[in-house]
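# Chain and residue survey
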Amino acid sequence: MKLVAPSQMPLSADQLDVLRGMLEEQRAFRIDQLTELRQAVPQSPLGSNDPEILRSLRRAALAALRDVQGALWRMDDGIYGRCTSCHGPIPVEHLEVLPQSARCAACHRQPGV
Ligand SMILES: [Zn+2]
């Protein structure tokens, strides 16, 4: 594997712009979702506002928000698009599907890393 200096981004400025837009959209969506979940009043245990379901929805939304925010921070740090485990570039086709990806597909498949 070829090592690239951190200043040499594997992504073009245009690609970064598009990906940042996607991440910001997702962040806004998750924040809205969390606000709604906070306002949702737990009702009968069998209704759609089952407190257990609300809790797990909230956990999932928070985890997703954390991933998205982490990607935006990596972008600000200029390390976005690199695997946080092996530091190899993450293919742009992969980022276009999952812009919040922190690790390349190979590292992602390794359990417990
Ligand atoms: Zn990797």
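Quick caveat: nothing in here was measured; it's all calculated off a predicted structure.

Our focus in this paragraph is the packing of helix 1 (residues 13–39) against helix 2 (residues 51–77). Look at helix 1 against helix 2: their axes get within 9 Å of each other, and the N-to-C directions meet at 150°. Between helix 1 and helix 2, the angle is such that the two are roughly antiparallel. The handedness of the crossing between helix 1 and helix 2 comes out as left-handed.

The calculated volume of the largest pocket comes to roughly 230 Å³. What lines the largest pocket is simply Arg66, Asp67, Gly70, Arg74, His94, Leu98, Gln100, Ser101, Ala102, Arg103, Ala105 and His108. Taken together, the elements giving at least two residues each to the lining of the largest pocket come down to helix 2 and helix 4 (105–109). Here the lining of the largest pocket gets four residues from one element, more than from any other, and that element is helix 2. For the lining of the largest pocket, the per-class residue count stands at three nonpolar, five polar and four charged.

This part is about the coordination of the zinc ion. The protein atoms donating to the zinc ion are Cys83 (SG), Cys86 (SG), Cys104 (SG) and Cys107 (SG), with metal-donor distances spanning 2.2 to 2.3 Å. Taken together, the four donor atoms surrounding the zinc ion define angles of 104 to 116° at the centre, an arrangement classified as tetrahedral. Each donor residue of the zinc ion belongs to the same chain, with the gaps between them written as C-x2-C-x17-C-x2-C. With a gap of 21 residues between them, Cys83 in the loop between helix 2 and helix 3 (92–97) and Cys104 in the loop between helix 3 and helix 4 connect regions that are remote in the sequence. Exposure class is identical for Cys83 and Cys104. Each is buried.

How each quantity is defined
Residues numbered from 1 in each chain as written. Predicted model: local features only at pLDDT ≥ 70, side-chain atom pairs only at ≥ 80, totals over all residues. Heavy atoms only, no water. Axes fitted to C-alpha atoms, helices over the stretch in contact; angles between N-to-C directions. Helix = DSSP H or I, 4+ residues; strand = E, 2+ residues; numbered from the N terminus. Parallel < 35°, antiparallel > 145°, perpendicular 65-115°, else oblique. Left-handed = near helix turned anticlockwise from the far one by under 90°. 1 Å grid on protein atoms, 1.4 Å probe; cavity = no way out; pocket = protein on both sides within 12 Å on 5 of 7 lines; lining within 4 Å. Points joined across faces, edges and corners; volume = space filled by probe spheres on them. Nonpolar A, V, L, I, M, F, W, Y, C, P; charged D, E, K, R; others polar. Donors = N, O, S within 2.8 Å, 3.2 Å for Na, K, Ca; no water. Tetrahedral: all angles 85-135°; square planar, octahedral: opposite > 155°, others 65-115°. Buried < 20%, exposed > 50% of the residue type's maximum accessible area, 1.4 Å probe, protein only.

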